[in-house]
There are 2 protein chains.
Amino acid sequence: MAIGQSMLRVDAHDKVTGTAKYTSDLEPRDYLVAKVVHSTIAFGEVKAFHLEEALAVPGVVKILTCFDVPDVPFPTPGHPWSVEKAHQDVADRKLLNRRVRFYGDDIAAIIAEDNVAADRAARLIRVEYEEFEPYVTVDQAMAPGARPVHDEKPNNVLVHSGFQVGEMTYDEAVAGEDDLVTVQRTYRTQTVQHCHIEPPTSFAYQEGDKITVISSTQIPHIVRRVIGQATGIPWGNIRVIKPYIGGGFGNKQDVLYEPLNAWLCTQVGGRAVKLDITREETFASTRVRHAIDFHVAGAVRRDGTIVARKCLANSNQGGYASHGHSIVANAINGFKQLYRDEKALECEANTVYTNIAVGGAMRGYGIPQSCFATECLAEDMAHAIGMDPLEFRLKNCMQAGYEDPHTHVQFRSYGLQDAIQKGRELIHWDELRAKYQNQTGPIRRGVGMAIFCYKTGVHPISLETASCRMVLHQDGSVQVQMGATEIGQGADTVFTQMASEVTGISVKKVHISSFQDTDTTPFDTGAYASRQTYVSGMAVKKTGALFKQKILEYAGYALRYPVENLDIRDDQIVDTVTGETLRSVADIAVEAFYSLDRSQHITAEATSHCKVNTFASGCCFAEVEVDIPLGKVKVLNIVNVHDSGTLINPQLAAAQVHGGMSMGLGYALSEQLLFDAKARPLNGNLLDYKLPTAMDTPDLQAAFVEVPDPTGPYGNKALGEPPAIPGAPAIRNAVLHATGVAIDSLPLDPQKLITAFTEAGLIDD
Amino acid sequence: MAIGQSMLRVDAHDKVTGTAKYTSDLEPRDYLVAKVVHSTIAFGEVKAFHLEEALAVPGVVKILTCFDVPDVPFPTPGHPWSVEKAHQDVADRKLLNRRVRFYGDDIAAIIAEDNVAADRAARLIRVEYEEFEPYVTVDQAMAPGARPVHDEKPNNVLVHSGFQVGEMTYDEAVAGEDDLVTVQRTYRTQTVQHCHIEPPTSFAYQEGDKITVISSTQIPHIVRRVIGQATGIPWGNIRVIKPYIGGGFGNKQDVLYEPLNAWLCTQVGGRAVKLDITREETFASTRVRHAIDFHVAGAVRRDGTIVARKCLANSNQGGYASHGHSIVANAINGFKQLYRDEKALECEANTVYTNIAVGGAMRGYGIPQSCFATECLAEDMAHAIGMDPLEFRLKNCMQAGYEDPHTHVQFRSYGLQDAIQKGRELIHWDELRAKYQNQTGPIRRGVGMAIFCYKTGVHPISLETASCRMVLHQDGSVQVQMGATEIGQGADTVFTQMASEVTGISVKKVHISSFQDTDTTPFDTGAYASRQTYVSGMAVKKTGALFKQKILEYAGYALRYPVENLDIRDDQIVDTVTGETLRSVADIAVEAFYSLDRSQHITAEATSHCKVNTFASGCCFAEVEVDIPLGKVKVLNIVNVHDSGTLINPQLAAAQVHGGMSMGLGYALSEQLLFDAKARPLNGNLLDYKLPTAMDTPDLQAAFVEVPDPTGPYGNKALGEPPAIPGAPAIRNAVLHATGVAIDSLPLDPQKLITAFTEAGLIDD
């Protein structure tokens, strides 16, 4: 049994020794370099370029500007294509843009022999702008009379949506009972950036009529499509190769610079062009996690029953639509799903164009924001009625069998309550809640928690389709080709385990092709949501069954044996009736290749169109120590408990959780991309942007409640994004427990805490 | 209709502009270089190395010798593997050899940071040998008491074989008639080298447990297998990538340095190692065309009927078996097939180990040698009875329906006699034969001819199996993946045409993946024989039909239309009954990818196990002018006429013929790799080895008799090797016509001609 084993990552050796190949390792010979010229204003129009001096720099090959590019708007998010216009993504940007919509917008590109020349030229380009007053916040952009960031959206609201659950409105529900306690708050989440190790990097070159782009992306097949949309090149003439990548976390679920690079290469006769960007450009000009403001209210009975909630979420989209409204729509769905409202639930959301960095996909896709609001509100309701917040959650949280009334996503397996109980024990909840009551003094401790749920794939909101191909080698080993992508999360390893499980070929004999090449790799939409182990895993299982059947059919022919009595176990063809080992798969493979009677190269390929989905869930418990005068929160202990179905590889699962928890710590305590009034990023670099380091990180505890999910290919469901979700509200709630002060915005940085503690009288003015 | 069109080569643009990628263009970062140390004696034993000085050279990483390599003998020829031991190739060499068997044998390898260090170290290595007297000729090696080159073959005969056709022996046939004219001669062919532009080059590197070798080879899947045999690495752990290659002509149908390079890379921790060799090493240490001596006799009636022939062919194998006996076996088969012997035919062949460069595969695989002997004998028999040699050939040559009594290969289509008649007209045979009678003076002209036949694939002597995969792109274009390899001959282009023909997708929308990657490319044994358009073409046709059916099935589903009424024409789905165009393939493709009802990524893959074969045939006519005192032959006019079935691409077919004719000119007149008595190559470089240049080459005329072959996938049969076959004997026979002097060995160089003309009294002593 390969499933459930903590086998070593298949890429462990390569990544540790440095032989793993990333985009930059695959440099074509004699490539040129491209440097993007970014706007130095956040909102306005480019009027003219003065390029003479730049063009005179030795080594500069060509400079192309927003006046040169095709007049074709295109979308960038990594969503499956839709044949229905209404379901297609918002196409609101061009390869280079005359209308500048954020500080760092792409307005020109320099192609040069080397970086030195490109950098010198960039400094010598003068740009004339007409500058407008930029909008940093949604409130500014939504204010009456605000100038449209995109002319198509006069009020700067890209999309407004909403829904109501229950038979009455929130106000009617509140008015209908006397003794309700209501809580009304605004919870705010900040702009953060993915901070993947490897910035976006690509090479583009032309051979014949084929443009090849090697790129650090999560979504090679979607990159191909968007290059086609942006450049007009037929999709089949575009080839995207994805090697190992140094993280993505959703930023590389946008099609960032590949279309520009493909087009630039066509402007220099198809010669290879490298387009990589710096860390600072990654902060300013790629994607960020949306800052969302949640205006919420909740009404609760004294017995702890939630009667009604409502939520208005305004999402700061920045200058372009990218993933657009789907993220805040996901956020209000998350608000809806996590608790039962006895009478009423109202949700509304706006996605608002502003002039800050563009919001895109990031691990959790709106749910870390949503969870912060939902779990602050839950905590604050429990707090308001004096109820233990854990008991409050057990009483009100979504139950086994819950089905979303709109998307109809269900819990096909349910472990949330068990996860809460497991976390309660691991953190010593009851003991610590009692122990940390009534503290005084400058240093106080507290314990807090948060729960979450998360859907696994994107069905039925979007298409879920995945293919796999398997090739039998002569030594009885199997080559597995996935459209799904390894982005550091261990996908290749779990696919290897699944391929072994379904075929009976030992994991040592499963070779996975880690690179995707859209010319020949089976199709898959790529690494996003928490879909691959679930959706793409189904393709492995389906293909593996077909592949095994082909081997057994050949074995039946070669051995003159009834196929229905044959199986593969531990690389051997066995008689299922007697258990006898008949021949090795290797022997059958060699026979199949080289038989003079019937030569057959055994391969199998299949598409799995997934039309099911399931919720994963879980919780985080945090114990903190707050230094009130310093405004400093130290996380003493933190534990995530995940209801993610069967674990394919427990060690990798734990690693996945650790990574997400670390991201949650930064989200809770230190990370925030700041903008000044001109919408200029203030701290878009790794010195000033406070990503947590090892020194800031306590031991991270990962625990699991393994309830096999009947829809998962091997009982598994979402685990990729969930670990990043519940940390911030758990820490915020622990600080509330420690100090009695509820902080309603992220991050809980010293400045904010000192202000809040001062207001609360914990620090003398 | 794509078949029969002279479409531009699919790689034309890339090859003309220099964007086509060859092995050296794919250099991995930070690779080391390997240099092979070759023996400086031709026969003996390595006793010791003195490496101290070499190891002290800065930049030298490691030196490995014949005392370090695995003690595993392996074969090198590019033949399909056989599960039967008796049909496996001779495994007679190791990665580096202690027993030295030719001048330039591989005895050590230096791995260094750069070529300068490697070259310096190579000069500083001292080797102690025990030296034996080497054998240059088969007669020396077969002499009684000769020392065995390989201990397993005490008489140095690797294999002896023979057959007899007819009810009596040659001698009985001759004794049975009174008025027979007999001719008894020895015809000798020389050692020549392929002289492909790009010498053998490879990179090897390790990632995880996978060794990747990028190599300039004709046979990537076989290279993988032989690396496995030589190194003990499981075959599935070896990945061979074949980019564009600068020619092969059979030399790269041997597995030359890839196993050594793969092993070297494992000796430096898996780091990338480049192993390329110089032109001089290519001459001395790779493969050559076998020199074969034919001791023949023929008995003919005065009416021109051949009564009996016999042939003993001794093939100079050089130091290792490589393709072994199969080449001279092919040669005596060729001797057998080309003419009908009324009473008797006897053939014998010996493959003899000597100490010259190793004989391997080269375009024509023994048949250029055989054709020289066969067509000299035919000419000399016709000459002996005073019959027009063309009429002699028409009377005696193999007829329609001929079936080889041993291999059972047949003419499935027959155009030989028509080809002879066409050539007769094109060269103005009858006019010139009359005109050039009775010449005198130092400059004389003549016209000569030769015919040939050639089987297409290797069935039934060996396995013929090929696979193809097709992938539908969203724009309705198709990606074609072949195991068969483009080696400059235009394979990718004809496969493109075939894929278009069978699918109904226009050639512009057929994308062929030119590189092979044994991890994922469908299996095929590779480019050799004249098999690919025939055997691998069948795989294209089979796969294309399956692929088209899948598209039509999806179209039937999407359009709610009966599939049996659908077809694809010019990229459109059409109703075959009404002829109406229903939708584009592109529309159906997009629907298939992104349908929310039924998402399906349409691909198809199939193996074609070919169990048929057919003869191609043809002839060459040459008009020459001989400068008797200078011993100089000038070819005034030369025409090849080919019976190769339907031409897939007439322009490429003509180019193929031109290339072969050029090779034939060199074989006839100037090329010979010479060895001294110590078996040292005397002229193993492109200055001293007289490859014909453009200045030596007349206009080359290619003509065809297109008789569609019923077994060819599109009526086609062999065209790859045949053009190189008949040129040499046609020119030799033209010289005989011009001068009355029959030259019985190749090449017809000035020294040889002057000697012969002097002996014949045409030049005064």
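This one's a predicted model, so the numbers in the text were calculated from it and none came from an experiment.

*Asks:* Could you give an account of the overall build of chain A, naming the residues involved and the relevant values?
*Replies:* Of the regular secondary structure elements, chain A holds 19 helices and 27 strands. Along the first, second and third principal axes, the C-alpha set of chain A runs to 90 × 75 × 50 Å. The buried share among the 765 residues of chain A stands at 65%. For chain A, long-range pairs separated by at least 24 residues make up 80% of all intrachain contacts whose partners lie at least 6 apart in sequence. In the structure as shown, chain A presents an accessible area of about 25,400 Å², 50% of it carried by carbon and sulfur atoms. In chain A, the 70 positive side-chain charges and the 92 negative ones have mean positions that sit 2 Å from each other.

*Asks:* Explain the interface of chain B and chain A to me, using residue names and the numbers behind them.
*Replies:* Across the boundary between the two partners, chain B contributes 59 residues, which contact 58 residues of chain A. Carbon and sulfur atoms supply 52% of the area buried between chain B and chain A, which totals about 4,900 Å² over both sides. When the buried surface of chain B facing chain A is broken down by residue, Arg29, Tyr594 and His601 of chain B rank first, second and third, together holding 14% of it. Counting the contacts that link chain B with chain A gives six salt bridges.

*Asks:* Tell me what's going on with unusual backbone geometry, and back it up with residues and numbers.
*Replies:* A cis geometry characterises the amide bond from His459 of chain A onward to Pro460 of chain A, with omega recorded as 0°. Within the secondary structure, Pro460 of chain A sits in the loop between strand E16 (443–455) and strand E17 (465–472). Cis peptide bonds are those with omega within 30 degrees of zero, and the linkage from Leu746 of chain B to Pro747 of chain B qualifies with -5°. When you line up the elements, Pro747 of chain B lands in the loop between helix H18 (727–739) and helix H19 (750–759). Phi angles above zero are rare outside glycine, and Phe249 of chain B is one such case at about 55°. Among the secondary structure elements, Phe249 of chain B is positioned in the loop between strand E11 (238–242) and helix H7 (258–267). Look at Phe249 of chain B and you get partly exposed, because its relative accessible area is 32%.

*Asks:* Mind laying out the packing of aromatic side chains, listing which residues take part and the relevant values?
*Replies:* Given two aromatic rings, one states the distance between the centres and the angle between the planes to describe the pair. Taken as a whole and judged by the stated rule, the model has 36 aromatic pairs over all chains. Plain terms: the ring middles of Tyr554 of chain A and Tyr557 of chain A are 5.3 Å apart, the flat faces sit at 70° to each other, and that makes the pair edge-to-face. Of the two residues, Tyr554 of chain A and Tyr557 of chain A both sit in helix H15 (residues 532–559), three residues apart, roughly one turn of that helix. Among the residues examined, Tyr557 of chain A registers a relative accessible area of 31% and is labelled partly exposed. Above the face of the Tyr528 of chain A ring, Arg531 of chain A is positioned so that its terminal group lies 5.2 Å from the ring centre. The ring centre of Tyr714 of chain B lies 4.9 Å from the NZ or CZ of Lys541 of chain B, which sits over that ring.

*Asks:* Any chance you could break down the domain arrangement of chain A for me, citing the residues and the numbers?
*Replies:* Residue and element names in this part refer to chain A. What the domain assignment reports for chain A is domain 1 (12–132 + 200–276), domain 2 (291–459 + 612–759) and domain 3 (465–609). On a C-alpha basis, the centres of domain 2 and domain 3 stand 40 Å from each other. Opposite the 22 residues of domain 2 that make contact, domain 3 presents 17 residues. When the two sides are added together, the surface that domain 2 and domain 3 hide from each other amounts to roughly 1,500 Å², 64% of it contributed by carbon and sulfur.

*Asks:* Outline the side chain of Thr374 of chain B, listing residues and values.
*Replies:* All names here are of chain B. Along the chain, Thr374 falls in helix H10 (residues 367–385). Taking relative accessible area as the criterion, Thr374 reaches 2% and is therefore assigned buried. A polar contact of 2.6 Å, which involves the side chain of Thr374, links it to the backbone oxygen of Ser370. With near-sequence residues (within four places) excluded, Thr374 lies in contact with Arg309, Gly334, Phe335, Leu338 and Tyr339.

*Asks:* Go over the UniProt feature "domain: Aldehyde oxidase/xanthine dehydrogenase a/b hammerhead" (unreviewed entry) in chain A with me, naming the residues and quoting the values.
*Replies:* Those residues carrying the UniProt feature "domain: Aldehyde oxidase/xanthine dehydrogenase a/b hammerhead" (unreviewed entry) are residues 17–133 of chain A in this numbering. What you have in residues 17–133 of chain A is 13% helix and 30% strand, and the ends, taken at the C-alpha atoms, are 51 Å apart.

*Asks:* Describe the relation of the copies chain B and chain A, naming the residues involved and giving the relevant values.
*Replies:* Screw-axis analysis of chain B against chain A gives a translation of 0.0 Å along the axis, an RMSD of 0.0 Å, and a rotation angle of 180°. Taken together, these values place the two copies in the relation of a two-fold axis. The overlap is high: 98% of the interface residues of chain B also sit at the interface in chain A, so the same surface is used on both sides.

*Asks:* Outline the side chain of Glu198 of chain A, listing residues and values.
*Replies:* Within the secondary structure, Glu198 of chain A sits in the loop between strand E8 (181–188) and strand E9 (201–207). Residue contacts for Glu198 of chain A: discarding those within four places in its chain leaves Tyr22, Thr23, Ser216, Ile245, Gly246, Lys252 and Arg279 of chain A.

*Asks:* Help me get a handle on helix H10 (residues 367–385) of chain A, residues and values and all.
*Replies:* All names here are of chain A. Under the 1.5 Å per step criterion, the end-to-end length of H10 is 26 Å for 19 residues, consistent within 8% with the ideal 27 Å. Burial analysis of H10 places 17 of its 19 residues in the buried class, the great majority of the element. Positioned one or two residues after H10, Gly386 has a phi angle of 70°, which is positive.

*Asks:* So what's going on with the sheet that holds strand E18 (residues 478–482) of chain B? Which residues, and what values?
*Replies:* Residues and elements named next belong to chain B. Here we have four strands laid out as an open sheet, ordered E19-E18-E17-E24, and mixed in their pairing. Both edges of this open sheet fall to strand E19 (510–513) and strand E24 (603–609), since each of them pairs with a single strand only. Neighbour-to-neighbour, the strand axes of the sheet open up by a mean angle of 20°, direction not taken into account. In terms of strand pairing, strand E17 (residues 465–472) meets E18 through five bridges, oriented antiparallel.

*Asks:* Outline the packing of helix H9 (residues 326–338) of chain B against H10 of chain B, supporting the account with residue identities and numerical values.
*Replies:* Pairs of packed helices are described in terms of their axes, by the angle between the two and the distance that separates them. Residues and elements named next belong to chain B. Where H9 contacts H10, the axes come no closer than 8 Å and their chain directions differ by 35°. When you trace H9 past H10, the crossing you get is right-handed. Between H9 and H10, the residues in contact are Asn330, Ala331, Gly334, Phe335 and Leu338 and Ile367, Ser370, Thr374, Glu375 and Leu377, respectively. When its residues are assigned to classes, the contact of H9 with H10 shows five nonpolar, four polar and one charged.

*Asks:* An account of the sheet that holds strand E3 (residues 60–65) of chain A is needed here, citing residue identities and associated values.
*Replies:* Residue and element names in this part refer to chain A. Ordered by their spatial adjacency, eight strands build an open sheet running E3-E5-E1-E12-E9-E10-E11-E20, and the pairing between neighbours is mixed. Of all the strands in the sheet, just E3 and strand E20 (516–517) have a single pairing partner and so form its edges. Summarising the sheet, strand E1 (residues 32–38) and strand E12 (residues 273–276) pair through three bridges and their orientation is parallel. Directly across from Val33, in E12, lies its bridge partner Lys274. The strands touched by helix H6 (residues 220–231) are strand E10 (210–215), strand E11 (238–242) and E20; relative to E11, the strand with the most contacts, the crossing angle is about 145°.

*Asks:* Lay out the pattern of salt bridges with the relevant residues and their values.
*Replies:* Two side chains of opposite charge can pair, provided their charged atoms sit close to one another. A full pass over the atoms with the stated rule returns 86 salt bridges over all chains. Ionic pairing is found between Arg531 of chain A and Asp524 of chain A, a salt bridge with its closest N-O pair at 2.7 Å. Per residue, the accessibility class of Arg531 of chain A equals that of Asp524 of chain A, and both read buried. Between Asp276 of chain B and Lys274 of chain B there is a salt bridge whose closest N-O contact spans 3.7 Å. The exposure class assigned to Asp276 of chain B is partly exposed, which follows from its relative accessible area of 30%. Residue Lys274 of chain B is classed as buried on the basis of its relative accessible area, which comes to 10%. By sharing partners, the salt bridges in this structure join Arg9, Asp11, Lys15 and Glu486 of chain A into a single network.

*Asks:* I'd like a description of the environment of His511 of chain B, backed by residues and values.
*Replies:* Position of His511 of chain B among the secondary structure elements: in strand E19. His511 of chain B sits in the buried class, given a relative accessible area of 4%. Sequence-wise, His511 of chain B and Asp178 of chain B are 333 residues apart; in three dimensions their C-alpha atoms are separated by 66 Å. If we ignore the near neighbours within four places in the chain, the residues touching His511 of chain B are Asp209, Lys210, Gly236 and Asn237 of chain A together with His473, Ser477, Val478, Gln479 and Val480 of chain B. Within polar-contact distance, the side chain of His511 of chain B engages the side chain of Ser477 of chain B at 3.2 Å.

So, how was this worked out
- Throughout this description, residue numbers start from 1 for each chain and increase along the sequence as written.
- Labels follow written order: the first chain is A, the first ligand is 1, and so on.
- Selection of residues for local features in this predicted model requires a pLDDT of at least 70, selection of side-chain atom pairs for listing and counting requires 80 or more, and totals for whole chains, interfaces and linings are taken over all residues.
- As a convention, hydrogens and water are excluded, and side-chain values are obtained from all of the structure's heavy atoms.
- Here a helix means four or more residues in a row that DSSP labels H or I, a strand means two or more in a row labelled E, and each is numbered from the N terminus.
- Burial status follows relative accessibility: with a 1.4 Å probe on protein chains alone, a residue under 20% of its type maximum counts as buried, one over 50% as exposed, and anything between as partly exposed.
- Any pair of residues with heavy atoms lying within 4.5 Å of one another is described as a contacting pair.
- Accessible surface area values rest on a Shrake-Rupley calculation with a 1.4 Å probe, where residue burial reflects the displayed protein chains alone.
- For the purpose of counting charges, residues Lys and Arg are taken to be positive, whereas Asp and Glu are taken to be negative. His and the chain ends are not included.
- Note that the charge is assigned to NZ on lysines, CZ on arginines, CG on aspartates and CD on glutamates.
- Summed over both partners, the accessible area lost on bringing two parts together, with a 1.4 Å probe, is the buried area.
- When a carboxyl oxygen of Asp or Glu is within 4 Å of a side-chain nitrogen of Lys or Arg, the pair counts as a salt bridge.
- Only Phe, Tyr and Trp rings take part, Trp by its six-membered ring, and two of them pair if their centres are within 6.5 Å. Stacked means planes under 30 degrees apart, edge-to-face means over 60, and tilted covers everything else.
- Whether a charge sits over a ring comes down to the Lys NZ or Arg CZ being within 6 Å of the ring centre and within 35 degrees of the ring normal.
- Each domain span listed reflects an automatic or database assignment of domains.
- Whenever two N or O atoms come within 3.5 Å, that pair is a polar contact, provided that in protein one can donate a hydrogen and the other can accept it, and provided that, for residues adjacent in sequence, both atoms are side-chain atoms.
- UniProt positions are given in the numbering used here, feature names are shortened, and annotations may be inferred rather than shown by experiment.
- We place the copies in one frame by least squares, fitting the C-alpha atoms of every residue whose pLDDT is at least 70 in both.
- The length a helix should cover is 1.5 Å for every residue beyond the first.
- Two strands make a pair as long as DSSP finds a minimum of two bridges between them.
- Angular values range over 0 to 180 degrees, each being the angle between N-to-C directions of two axes fitted as lines to C-alpha atoms, with helices fitted over their stretch in contact.
- Each crossing gets its handedness from the near helix: less than a right angle anticlockwise from the far helix is left-handed, clockwise is right-handed.
- Asp, Glu, Lys and Arg are counted as charged, while Ala, Val, Leu, Ile, Met, Phe, Trp, Tyr, Cys and Pro are counted as nonpolar; the rest, among them Gly, fall into the polar class.

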